[in-house]
Amino acid sequence: MESIPARPGATTAPGDIRCVATAIRRRVLEHTLENNGGYLSQACSSAEILATLYLGVMRLGPSTAPPTPRPFAGVPGADNPHAFTGADYNGAPAPELDRFIFSPVHYALVLYSLLIELGRLGPDALDAFNRDGSTVELIGAEHSPGHEVTAGSLGQALSQAGGIALARRLRGDTGRVWVFMSDGEFQEGQTWEAFAALAHHRLGNIGVYVDANAQQCDGPMDTVMTTEPLAARLRAFGAEVREVDGHDPVALAEAGEGVGEDGVPRVVIARTDPCRGIDRLRERWPKLHYVRFKNEAEFNLYRGLLAGLSEGDA
């Protein structure tokens, strides 16, 4: 089986990444059933992207955070020495290691599920999900596991990542900065200003993966405000762009190779299916953003899907 280069000295097979992606969807579906609500289509579209980033692209150290998420310690500030971020689930900062900035914070459950599958977060971490005083928030913030910055409104994370990338270059760090975004964020003016700044400062040490699932809260993106041709627009703003199948771990990993070797920011547009692995969701099109079950019959149908969810379902 073909292997994907992951962290130095390690390889991850595409089949293993697909297994992790299936496990993410299964966990998010289970949680959606338990709570009669969840960002389920986001797990369908992004699972392979995030699994490939962690297992085949980014160089991260082992988690230095407790398996049981810490309670909220208050907002950061000079008078609060106890405040923290969730970045330590991605390992301790080091000049040679990468940093990960998670932008579409409503995908938080997908990220928590991935961290659990990889052993970076404890298996019972979701017991505290969306509870008062918990950092395992429905909409993630800088203190949530796997998050380093507060990124809502959408579009802010890229600007913060650009500042981190510039600071790392000035320090001489060899580690890169990776950003995970959703395609709806390209309807934000701040996103385009950030890309103009990345190109102007020649921040080639930053790589951006975009979950291009063509869906947003109000329905298909092309009926709300189109962002296409996205690749051409990004190139006009000075980025190097690769377009790939967002469910193909090999293509996703190859698209991230070479980031940091020149002065051009890299964008990987990962074209995805918001129903991948849970085909029944297509019955809800075009309203896929947040899933609540309409009646007991629908609930039981999805409970049956959970029991049979396996790699390759589509």
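Residues numbered from 1 in each chain as written. Predicted model: local features only at pLDDT ≥ 70, side-chain atom pairs only at ≥ 80, totals over all residues. Heavy atoms only, no water.

**Q** Please explain the overall build of the chain as it appears in this structure.
**A** For the chain, the helix and strand inventory stands at 9 helices and 9 strands. Here the C-alpha atoms of the chain give a radius of gyration of 19 Å, agreeing with the 20 Å that 2.2 N^0.38 yields for 314 residues. Its C-alpha atoms give the chain principal-axis dimensions of roughly 60 × 45 × 40 Å. Looking at the 314 residues of the chain, the share that counts as buried comes to 55%. In the chain, 76% of the contacts between residues at least 6 apart in sequence involve partners at least 24 apart. As presented, the chain carries roughly 13000 Å² of accessible surface, and 51% of it is formed by carbon and sulfur atoms. For the chain, the centre of its 28 positive side-chain charges and the centre of its 40 negative side-chain charges are spaced 1 Å apart. (Helix = DSSP H or I, 4+ residues; strand = E, 2+ residues; numbered from the N terminus. Rg over C-alpha atoms; globule rule 2.2 N^0.38 Å. Buried < 20%, exposed > 50% of the residue type's maximum accessible area, 1.4 Å probe, protein only. Contact = heavy atoms within 4.5 Å. Areas by Shrake-Rupley, 256 points an atom, 1.4 Å probe, with all protein chains shown as cover. Lys, Arg positive; Asp, Glu negative; His and termini not counted. Charge placed at Lys NZ, Arg CZ, Asp CG, Glu CD.)

**Q** Where do I start with the pattern of salt bridges in this structure?
**A** Charged atoms that come close allow side chains of opposite charge to pair. Applying the stated criterion across every chain yields a total of 17 salt bridges. Close ionic contact of Arg271 with Glu243 constitutes a salt bridge, the shortest N to O distance being 2.9 Å. With Arg271 in strand β9 (residues 266–271) and Glu243 in strand β8 (residues 240–245), this pair connects stretches of sequence that are 28 residues apart. Exposure remark for Arg271: the relative accessible area of 31% places this residue in the partly exposed category. With a shortest N-O distance of 2.6 Å, Arg282 and Asp273 are connected by a salt bridge. Connected through salt bridges with shared partners, the residues Asp273, Arg276, Asp279 and Arg282 form a single ionic network. (Salt bridge = Lys/Arg side-chain N within 4 Å of Asp/Glu carboxyl O.)

**Q** Which parts of the structure should I look at to understand the pairing of strand β5 (residues 206–212)?
**A** A regular strand carries its side chains on alternate faces of the sheet. Within β5, 7 of the 7 residues are buried, which leaves the element mostly enclosed by the surrounding structure. A two-sided burial pattern is seen for β5, the buried positions comprising Ile206, Val208, Val210 and Ala212 on one face and Gly207, Tyr209 and Asp211 on the other. By the bridge criterion, 6 bridges tie strand β4 (residues 177–182) to β5 in an arrangement that is parallel. Opposite Val179, over in β5, you have Val208 as the bridge partner. Handedness of the crossover joining β4 and β5 through helix α5 (residues 189–200): right-handed. (Pairing = 2+ DSSP bridges. Right-handed = clockwise from strand over helix to strand, strands pointing away.)

**Q** Mind showing me how you'd approach the packing of aromatic side chains here?
**A** Here a ring pair, both rings aromatic, is described through the centre-centre distance and the interplanar angle of the planes. Counting across every chain of the model gives 13 aromatic pairs. Aromatic pair Trp192 and Phe237: ring centres 5.0 Å apart, planes at 50 degrees, arrangement tilted. Pair noted here: Trp192 is in helix α5 and Phe237 is in the loop between α7 (230–236) and β8, with a separation of 45 residues, a long-range link. Here Trp192 falls in the buried class, since its relative accessible area comes to 13%. In textbook terms, an aromatic cluster arises when at least three aromatic residues are bridged by ring pairs, as seen for Tyr54, Phe100, Phe102, Tyr107 and Phe180. (Phe/Tyr/Trp six-rings, centres within 6.5 Å; stacked < 30°, edge-to-face > 60°.)

**Q** What's the story with the sheet that holds strand β3 (residues 99–102) in this structure? I'm lost.
**A** Two orientations exist for strands paired in a sheet by backbone hydrogen bonds: parallel and antiparallel. As summarised here, the arrangement of the 5 strands in space is β3-β4-β5-β9-β8, forming an open sheet in which the pairing is parallel. Either end of the sheet is taken by a strand with one partner, and the two such strands are β3 and β8. With strand direction ignored, the average angle separating the axes of adjacent strands in the sheet is 20 degrees. Alignment of β3 against β4, held across 4 bridges, turns out to be parallel. Opposite Ile101, over in β4, you have Val179 as the bridge partner. (Axes fitted to C-alpha atoms, helices over the stretch in contact; angles between N-to-C directions.)

**Q** How should I be thinking about helix α2 (residues 40–57) in this particular structure?
**A** One turn of an α-helix holds 3.6 residues; hence residues three or four places apart share an orientation. With 18 residues, α2 should reach 26 Å at 1.5 Å per residue; the first-to-last C-alpha distance of 24 Å fits that figure. The largest bend in α2 comes to about 55 degrees, at Ser46. Counting buried positions along α2 gives 18 out of 18 residues, so the element sits mostly inside the fold. (Expected span 1.5 Å × (residues − 1). Bend = angle between axes of the 7 residues up to and from the residue.)

**Q** Would you take a moment to explain the environment of Arg168 for this structure?
**A** Counting through the fold element by element, Arg168 comes out in helix α4 (residues 156–171). Classification of Arg168 as buried rests on a relative accessible area of 1%. Residues Arg168 and Pro95 lie 73 residues apart in sequence; the distance between their C-alpha atoms is 7.8 Å. When residues no more than four places from it in sequence are discounted, the contact partners of Arg168 are Ala94, Pro95, Leu97, Asp98, Arg99, Asp173, Gly175, Arg176, Val177 and Asn205.

**Q** Would you mind showing me how to read the environment of Thr52 here?
**A** You can see Thr52 is positioned in helix α2. Here the alpha-carbon distance between Thr52 and Asp248, two residues 196 residues apart in the chain, equals 9.0 Å.

**Q** How do you make sense of the packing of α2 against helix α3 (residues 108–117) when you look at a structure like this?
**A** Two quantities define a packed helix pair, namely the angle between the helix axes and the distance between the axes. Between α2 and α3, whose axes approach to 10 Å, the crossing angle comes to 45 degrees. In this view, α2 runs oblique relative to α3, as classed from their interaxial angle. Seen from above, α2 lies across α3 with right-handed handedness. On α3, the residues touching Gln42, Ala43, Ser46, Leu50, Ala51 and Tyr54 of α2 are Val110, Leu111, Leu114 and Leu115. Looking at the contact of α2 with α3 residue by residue, the class counts come to 8 nonpolar, 2 polar and no charged. (Parallel < 35°, antiparallel > 145°, perpendicular 65-115°, else oblique. Left-handed = near helix turned anticlockwise from the far one by under 90°. Nonpolar A, V, L, I, M, F, W, Y, C, P; charged D, E, K, R; others polar.)

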